[in-house]
4 protein chains.
Amino acid sequence: MAGSVFGKHFQVSTWGESHGKGIGVVVDGCPAGLSLSEQIVQKYLDRRKPGQTRYSTPRKEADEVEILSGIFEGKTTGTPISMVVYNTSQRSKDYSEIAEYFRPGHADYTFDQKYGFRDYRGGGRSSGRETISRVAAGAVASEVLKSLGVTVAAYSKEIGCIKIDETKAELGNIMKSPLYMPDLEASRKAELLLEQKMKEQDSVGGVIECIIKGLPAGVGDPVFEKLDANLAKAVMSIGAVKGFEIGDGFAAAKSFGSENNDAFVMKENGSVAKMTNHAGGILGGISDGSDIVLRAAVKPTPSIARTQKTVNRQGQDIEINIRGRHDPIIVPRAVVVVESMAALTVLDMLFVSMTSNLDAVKRFFYR
Amino acid sequence: MAGSVFGKHFQVSTWGESHGKGIGVVVDGCPAGLSLSEQIVQKYLDRRKPGQTRYSTPRKEADEVEILSGIFEGKTTGTPISMVVYNTSQRSKDYSEIAEYFRPGHADYTFDQKYGFRDYRGGGRSSGRETISRVAAGAVASEVLKSLGVTVAAYSKEIGCIKIDETKAELGNIMKSPLYMPDLEASRKAELLLEQKMKEQDSVGGVIECIIKGLPAGVGDPVFEKLDANLAKAVMSIGAVKGFEIGDGFAAAKSFGSENNDAFVMKENGSVAKMTNHAGGILGGISDGSDIVLRAAVKPTPSIARTQKTVNRQGQDIEINIRGRHDPIIVPRAVVVVESMAALTVLDMLFVSMTSNLDAVKRFFYR
Amino acid sequence: MAGSVFGKHFQVSTWGESHGKGIGVVVDGCPAGLSLSEQIVQKYLDRRKPGQTRYSTPRKEADEVEILSGIFEGKTTGTPISMVVYNTSQRSKDYSEIAEYFRPGHADYTFDQKYGFRDYRGGGRSSGRETISRVAAGAVASEVLKSLGVTVAAYSKEIGCIKIDETKAELGNIMKSPLYMPDLEASRKAELLLEQKMKEQDSVGGVIECIIKGLPAGVGDPVFEKLDANLAKAVMSIGAVKGFEIGDGFAAAKSFGSENNDAFVMKENGSVAKMTNHAGGILGGISDGSDIVLRAAVKPTPSIARTQKTVNRQGQDIEINIRGRHDPIIVPRAVVVVESMAALTVLDMLFVSMTSNLDAVKRFFYR
Amino acid sequence: MAGSVFGKHFQVSTWGESHGKGIGVVVDGCPAGLSLSEQIVQKYLDRRKPGQTRYSTPRKEADEVEILSGIFEGKTTGTPISMVVYNTSQRSKDYSEIAEYFRPGHADYTFDQKYGFRDYRGGGRSSGRETISRVAAGAVASEVLKSLGVTVAAYSKEIGCIKIDETKAELGNIMKSPLYMPDLEASRKAELLLEQKMKEQDSVGGVIECIIKGLPAGVGDPVFEKLDANLAKAVMSIGAVKGFEIGDGFAAAKSFGSENNDAFVMKENGSVAKMTNHAGGILGGISDGSDIVLRAAVKPTPSIARTQKTVNRQGQDIEINIRGRHDPIIVPRAVVVVESMAALTVLDMLFVSMTSNLDAVKRFFYR
């Protein structure tokens with residue numbers, strides 16, 4: 001019921017505020033025997049760290065993770081893994097102004113309505129720093145998945161109106177682009193767009209695509225616990241995500257059955273494949289063995305320097321200028337967050353799928 | 001863990017196959033004291049009943065609901081409400097053909113992979129008839145919501161490439177259109193498209209929009225249990241839905257911060273409102289008091305009469321012609337299903353929101 | 001959240017009232033491929049059927065189960081199994097009297113306080129008939145367990161002050177005793193006690209013991225999800241159960257460490273065993289491979305014919321004589337209910353245990 | 001699914017090992033607006049701190065709690081409260097011996113069977129230090145309950161064979177007894193028993209009783225989510241607890257209906273009461289407004305200095321002498337743990353009960 005807990009088997013409980021003592025997560029339900037260390041988790045966290053390009057907030061944070069429990073002699077023990085990133089840059093600056101009004105596009109107003117008041121320092125619990133917990137937990141899930149042959153990879157597909165050209169996209173390019181775009185030409189165009197919008201004190205959105213490879217067929221449950229439904233919830237739970245697609249998504253709505261159906265075909269090795277993948281790897285909510293393809297629409301950063309209209313807590317119409325420098329775009333830093341949420345979801349459902357078939361259960365216990 | 005259970009407070013457990021004895025649902029967690037009868041639930045079910053227009057399957061089913069428990073003297077007792085719709089048209093026709101191959105766009109292959117075999121009669125558990133349970137449960141949720149001043153209404157926004165003209169749309173038109181479109185001119189154009197595609201033995205998809213009015217601010221939880229995340233899961237769990245948007249959705253990704261932010265403004269009655277609603281009524285995962293607006297992309301019906309390529313269980317490439325008449329479009333019948341899933345979600349989260357604030361909890365117990 | 005749903009993996013949703021149309025259950029999460037039929041489930045239900053001995057209510061109910069979904073060609077499909085037992089003996093007798101007051105030891109008063117009113121016909125939802133759903137679901141769980149080599153067996157250990165003599169108890173006797181006692185001499189003594197108390201218009205309680213054999217070591221989770229904690233909840237959720245023990249239970253509190261510790265010892269076949277089983281087969285919440293032994297204390301039937309003091313809904317002190325004939329003891333009919341709850345719990349936790357160890361998970365997916 | 005998460009509304013996620021960096025808990029779902037500080041939580045923790053009497057382990061631990069999130073200006077914000085107690089006394093002593101064998105009565109063997117290996121330093125995750133998390137979370141729950149007029153109080157009722165005399169027991173005495181017994185004469189006798197058993201290198205168990213006052217009628221759900229069933233799970237999840245009773249518990253099994261039924265009676269103020277409380281404040285799983293009375297049977301500490309038989313990881317029968325000084329009895333330090341688990345359970349179910357009645361829900365939203 002509580003909002004900061006995710007997953008059933010592989011269960012994650014997150015905590016922390018932007019300007020509190022730190023941000024953390026407890027991962028419960030990770031199988032025993034996985035090699036894990038702070039170095040491994042740190043690699044994932046570094047991909048969302050601020051201040052790495054001129055397109056992200058210059059807030060100075062090392063975002064170094066410390067593991068407090070659940071590891072013994074370099075391996076997970078099967079008991080809860082507690083991880084924390086202490087905040088180091090929470091200067092005791094004056095937040096009295098921001099405390100007094102509701103920033104457009106932010107959760108200030110809704111937090112006040114829900115709880116009666118809010119920790120207003122830097123966004124408090126609704127700050128983007130909350131995603132540190134998701135990435136740390138997602139790192140553990142990704143490592144488990146890797147050991148089972150499943151990989152999850154995301155990238156920026158669109159930045160504002162700039163879209164990658166599929167024919168020029170290469171996964172190897174992602175880390176070369178400051179915007180995590182697999183098409184470097186598109187990446188350069190997107191940088192120009194960002195420069196312009198930064199000058200205009202404005203912000204930009206985009207679309208993130210995520211591909212899951214190696215997932216066996218049979219993962220996901222019919223009716224309410226469809227794999228795509230769970231992925232949708234996981235990805236839509238990331239702040240700033242306003243839309244979700246699996247496979248062809250909204251384009252499927254404009255397509256016809258004769259175009260949209262993926263024909264099955266036998267592969268030379270005797271396995272079943274599909275000639276196309278409009279479905280995005282999921283049929284009836286269950287993985288079909290082809291790549292899972294999903295997309296998230298990310299809104300432009302709500303914190304912009306331009307003058308904006310809003311109201312204050314005293315019920316007056318006012319104009320505000322949000323100070324400080326903010327990310328002109330969230331998309332690149334959100335790439336690893338989408339990946340993390342996808343990994344958490346897929347792993348949880350993979351575990352659940354182990355009991356679908358009585359013969360498989362028997363084999364497990366009578367091995 | 002099991003796939004056919006939905007919700008936490010207002011918990012729904014569904015069962016049944018297309019050609020089994022019936023389809024049903026158990027609703028647990030409905031508050032005591034709601035007026036409820038088979039007549040009330042039937043009204044919702046009639047909106048998804050087959051055979052009402054030439055654009056839906058002519059399968060003859062009265063789809064009459066029977067309530068087996070949980071009602072006493074016309075009111076819910078707070079204990080489980082069991083509802084069943086017996087199947088009447090499950091002719092013992094020969095399904096041996098369909099049993100042997102995997103229909104493109106259907107869950108035949110993934111069910112076989114997951115469970116080892118499947119009830120192949122008419123789609124079994126992955127049949128669209130499964131949504132009867134959703135609508136029956138959604139009817140109860142909608143009635144509870146109505147008593148609390150919250151309404152949920154959905155309609156067809158796009159059929160294939162035909163889109164409603166917002167300036168001509170009127171909610172009053174929805175029931176006048178065989179396609180549940182609020183713009184009757186668009187509805188007529190869409191009918192022409194459907195006629196043509198039916199001749200071509202093809203099928204059509206579309207977009208459903210749903211609007212929730214009257215929901216107080218403060219519903220939905222931060223982080224993983226955001227209201228929009230839960231709505232996404234609920235709606236994406238409907239078979240054939242491939243995309244989900246809240247507010248401006250994917251358009252927000254192409255928008256700039258200065259355009260996408262909704263300015264707050266004081267209303268004459270002293271309450272806070274927003275000048276626009278790009279956010280779709282949710283900020284930081286929490287309702288802001290304005291209308292909740294969501295959309296679902298529905299793929300074209302996978303069952304088409306045209307010759308299609310696929311493989312059979314023996315691992316041979318074959319060509320098939322699916323016999324029988326199927327819905328050339330699912331969208332209109334899915335409208336009430338989207339509404340139902342939205343109602344189930346919103347009610348559950350409304351209940352959860354009752355404990356956000358200690359003062360409100362105290363008022364409840366010390367009244 | 002809703003009270004009538006049990007389990008996580010193997011999830012059970014029950015419904016129905018004593019004098020409504022029927023009593024039923026939906027079982028979701030049963031693996032595909034289990035042989036199941038109405039005949040199999042009926043055998044379990046027959047053990048709790050009323051009217052079989054002079055020590056149970058003579059209410060005439062065949063309690064015949066009908067399976068409505070989830071079975072195809074004699075096997076479970078992995079989708080929800082809906083089962084119903086229609087009530088046949090719910091005579092429209094006059095319940096106006098019982099509606100007006102609160103029976104001591106029953107849930108009349110608490111239902112009224114919780115819901116504002118109640119379905120007062122024969123106890124409504126709080127009737128013992130509710131356990132039909134538990135037994136039907138437990139039958140399915142027991143069959144799955146059996147296929148995995150795990151058996152669950154319960155019997156009456158004490159009836160009032162009459163206790164079985166362990167040296168004379170044989171499991172083979174259980175079905176020969178009308179009270180399901182494994183010591184036939186104790187059974188005869190208990191029958192005499194019951195005859196006497198029936199004459200005195202009084203009722204008797206007792207203790208049920210349940211033994212689970214064949215459960216592998218490693219089932220149950222540390223901290224909150226201990227196997228014994230879950231068994232305690234499951235068994236204490238049965239109406240009339242007032243106490244629960246695992247292994248030596250309350251006797252352990254009077255024992256010393258040197259007596260209560262079970263020494264480990266090597267068996268000839270090279271496996272680890274314990275020399276004694278004071279722990280009841282669970283150490284640190286996790287099964288240790290020896291028999292699981294638990295006990296439930298059952299209170300005497302609250303419905304007695306003697307004059308009792310109580311109050312009515314008008315707030316007056318009154319004296320009542322509950323009419324009709326009731327079970328003078330619940331224990332024998334509750335034996336199969338305890339067994340069912342134990343089976344549901346153990347199966348659920350057995351499934352959960354499949355992901356404790358990464359090597360085992362790898363073996364499952366890379367088989 | 002994961003074993004270290006408790007509760008639905010008020011959800012608690014615990015972590016940490018005896019000799020790791022620390023022990024902690026994340027509390028999610030606490031309403032906003034509760035006054036909370038480290039001082040408040042510390043008071044509860046001090047009651048289970050080691051080394052306070054000669055009857056507990058002399059391990060030197062300050063057990064000082066630090067709150068890392070969820071509090072702003074002295075009040076809970078409604079977001080997760082992260083609390084940690086760093087271990088200060090985890091000397092890097094040689095654990096290689098203990099690593100090699102399975103201590104009787106401990107979870108060494110079952111952890112190895114479940115996970116393949118274990119963090120053997122001081123019991124790792126199965127150490128009694130795990131209960132620090134329970135007490136810290138329970139402190140928050142108790143404070144919320146207090147603000148709603150509900151109190152939870154526990155004490156030692158039996159130490160070995162020494163039982164308190166109800167006529168001499170006074171709640172005011174509890175804190176005066178080193179064993180938390182409300183009857184000081186019994187306390188002195190129990191001290192003598194402990195002295196003797198300590199000399200004999202043995203350990204002692206006992207019974208803890210807990211009383212919940214001020215809980216309104218109507219809390220708890222029928223069927224599986226009965227209040228007593230949830231209390232049983234919560235209390236049985238505490239390591240070393242082997243039995244649970246509500247009200248008369250096992251004594252009720254030997255009682256007759258005419259003795260065990262609690263007659264209802266009108267009080268002068270016009271409210272309904274019971275003349276006796278054999279039921280322990282719960283009828284049909286729902287609180288009836290009288291005191292909730294429960295008991296837990298605690299086994300003697302398994303760590304004793306005497307020579308014991310066991311086996312080692314190499315599969316050899318061996319004799320061991322566990323070194324170091326251990327608690328000769330767990331009961332007194334477990335008193336506040338039982339209280340904590342009861343508070344967590346009651347608060348969660350109190351929240352759930354808010355939606356039982358539609359009229360009450362309407363009043364909440366239309367206030």
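Predicted, not measured: the structure shown is a model, and the values here were computed from it.

1. Points about the relation of the copies chain D and chain C
If you rotate chain D by 180 degrees and push it 0.0 Å along the axis, it lands on chain C with an RMSD of 0.0 Å. The transformation just described matches what one would write down for a two-fold rotation axis. Most of the interface of chain D is mirrored in chain C: 100% of its interface residues are interface residues there too.

2. A look at the packing of aromatic side chains
This model, assessed by the stated rule, comprises 32 aromatic pairs over all chains. Consider the rings of F102 of chain B and Y109 of chain B, whose centres lie 5.2 Å apart with planes at 75 degrees: the pair is edge-to-face. By relative accessible area, F102 of chain B is classed as buried at 6%. Ring geometry for F364 of chain C versus F365 of chain C: centroids 5.1 Å apart, planes at 80 degrees, classification edge-to-face. Here a set of aromatic residues connected by ring pairs shows up, and it is made of F364 and F365 of chain A together with F364 and F365 of chain C. Lying over the aromatic face of F256 of chain D, K197 of chain C brings its terminal NZ or CZ to 3.8 Å of the ring centre.

3. Comments concerning unusual backbone geometry
Phi at V223 of chain C takes a positive value of approximately 60 degrees, unusual for a residue other than glycine. Positionally, V223 of chain C belongs in the loop between β10 (206-213) and α6 (227-236). Exposure remark for V223 of chain C: the relative accessible area of 3% places this residue in the buried category. With phi around 55 degrees, Q201 of chain D is a residue other than glycine that occupies positive phi space. Topologically, Q201 of chain D is positioned in the loop between α5 (184-199) and β10 (206-213). Accessibility expressed as a relative area gives 42% for Q201 of chain D, which makes it partly exposed.

4. Focus: the interface of chain C and chain B
Between chain C and chain B, the contact holds 44 residues from the first and 44 residues from the second. Carbon and sulfur atoms make up 63% of the area that chain C and chain B hide from each other, which totals about 3400 Å². Our count for the contact surface shared by chain C and chain B stands at 4 salt bridges. The salt bridge involving K21 of chain B is made with E38 of chain C; its shortest N-O contact spans 3.9 Å. Those elements that provide at least two residues to the side of chain C that touches chain B are β2 (11-16), β3 (22-28), β4 (65-67), β6 (75-76), β7 (81-86) and α3 (108-115) of chain C. Of the residues forming the side of chain C that touches chain B, the biggest block, 5 residues, is contributed by β2 of chain C. Residues that form the side of chain C that touches chain B fall into these classes: 15 nonpolar, 17 polar and 12 charged.

5. A few points about the packing of α6 of chain C against helix α9 (residues 331-352) of chain C
Residues and elements named next belong to chain C. For the pair α6 and α9, the least separation of the axes is 9 Å and the interaxial angle reads 145 degrees. Two packed elements cross with a definite hand, and for α6 against α9 that hand is right-handed. Where α6 approaches α9, its residues L227, N230, L231, A234 and V235 are matched on the opposing element by V338, M341, A342, T345, V346 and M349. Counted by class, the contact of α6 with α9 contains 9 nonpolar, 2 polar and no charged residues.

6. Digging into the pattern of salt bridges
Evaluated as defined, the whole model comprises 124 salt bridges over all chains. A salt bridge links D112 of chain A to R313 of chain A, with the shortest nitrogen-to-oxygen separation between them at 2.9 Å. Here the residue D112 of chain A occupies a position in helix α3 (residues 108-115), and R313 of chain A occupies one in the loop between β17 (308-311) and β18 (317-320), the gap between them amounting to 201 residues. As a salt-bridge pair, D221 of chain D and K114 of chain C come within 3.4 Å of each other at their nearest N and O atoms. Of this pair, D221 of chain D sits in the loop between β10 and α6 (227-236) while K114 of chain C is found in helix α3, placing the two residues in two different chains. Through salt bridges with shared partners, a single network forms among R103, D108, D112, R118 and R313 of chain A.

7. Topic: the sheet that holds strand β2 (residues 11-16) of chain B
All names here are of chain B. The antiparallel open sheet is built from 5 strands, whose spatial order is β1-β2-β3-β7-β4. Edge positions in the sheet fall to β1 (5-6) and β4 (65-67), since each of these pairs with one other strand and no more. Bridging between β4 and strand β7 (residues 81-86) involves 3 bridges; their strand directions are antiparallel. Across the sheet, I67 pairs through a bridge with M83, a residue of β7. Strands β2, β3 (22-28) and β7 of the sheet are contacted by helix α4 (residues 131-147), whose axis makes an angle of about 35 degrees with β3.

8. Digging into the environment of K233 of chain B
As for its position among the elements, K233 of chain B is in helix α6 (residues 227-236). Given a relative accessible area of 10%, K233 of chain B falls into the buried group. Each C-alpha atom, one on K233 of chain B and one on V135 of chain B, is 16 Å from the other, the two residues being 98 residues apart in sequence. When residues no more than four places from it in sequence are discounted, the contact partners of K233 of chain B are F224, E225, A229, N230 and K233 of chain A. Separated by 3.0 Å, the side chains of K233 of chain B and N230 of chain A make a polar contact.

9. Overview of the environment of A234 of chain B
Relative to the elements of secondary structure, A234 of chain B occurs in helix α6. Leave out the neighbours within four places in its chain, and A234 of chain B touches F6, R134, M341 and T345 of chain B.

10. Some points on the interface of chain D and chain C
Taken together, the contact pairs 106 residues of chain D with 107 residues of chain C. Together chain D and chain C conceal approximately 8400 Å² of surface at their shared face, both sides included; 64% is due to carbon and sulfur atoms. Seen at the junction of chain D and chain C, the total is 6 salt bridges. The salt bridge partner of K254 of chain C is E158 of chain D, with a shortest N-O separation of 2.9 Å. Applying the counting rule to chain D against chain C returns 43 residue pairs in polar contact (both at pLDDT 80 or more). The residue inventory of the side of chain D that touches chain C, partitioned by class, reads 47 nonpolar, 35 polar and 24 charged. When strand β11 (residues 241-246) of chain C meets strand β11 (residues 241-246) of chain D, the two strands line up antiparallel, connected through 3 bridges. Across the sheet, residue E245 of chain C finds its bridge partner in β11 of chain D, namely G243 of chain D.

11. A look at the pairing of strand β8 (residues 151-159) of chain C
Residues and elements named next belong to chain C. Of all 9 residues in β8, 7 are buried; the element is thus mostly enclosed. As defined by bridge partners, β8 adjoins β10 across 8 bridges and the pair is classed as antiparallel. Residue pairing in the sheet places I159 in a bridge with G206 of β10.

12. What to know about the pairing of β3 of chain B
All names here are of chain B. Of all the 7 residues making up β3, 7 are buried; the element is thus mostly covered by neighbouring parts of the structure. A two-sided burial pattern is seen for β3, the buried positions comprising G22, G24, V26 and D28 on one face and I23, V25 and V27 on the other. Alignment of β2 against β3, held across 6 bridges, turns out to be antiparallel. Bridge assignment links G16 to a residue of β3, and that residue is I23. Between the end of β2 and the start of β3, which pair antiparallel, lie 5 residues.

Rules used throughout
Residues numbered from 1 in each chain as written. Chains lettered and ligands numbered in written order. Predicted model: local features only at pLDDT ≥ 70, side-chain atom pairs only at ≥ 80, totals over all residues. Heavy atoms only, no water. Least-squares fit on C-alpha atoms with pLDDT ≥ 70 in both. Contact = heavy atoms within 4.5 Å. Phe/Tyr/Trp six-rings, centres within 6.5 Å; stacked < 30°, edge-to-face > 60°. Buried < 20%, exposed > 50% of the residue type's maximum accessible area, 1.4 Å probe, protein only. Lys NZ or Arg CZ within 6 Å of the ring centre and 35° of its normal. Helix = DSSP H or I, 4+ residues; strand = E, 2+ residues; numbered from the N terminus. Buried area = accessible area lost by both parts, 1.4 Å probe. Salt bridge = Lys/Arg side-chain N within 4 Å of Asp/Glu carboxyl O. Nonpolar A, V, L, I, M, F, W, Y, C, P; charged D, E, K, R; others polar. Axes fitted to C-alpha atoms, helices over the stretch in contact; angles between N-to-C directions. Left-handed = near helix turned anticlockwise from the far one by under 90°. Pairing = 2+ DSSP bridges. Polar contact = N/O pair within 3.5 Å; in protein donor to acceptor, adjacent residues only side chain to side chain.

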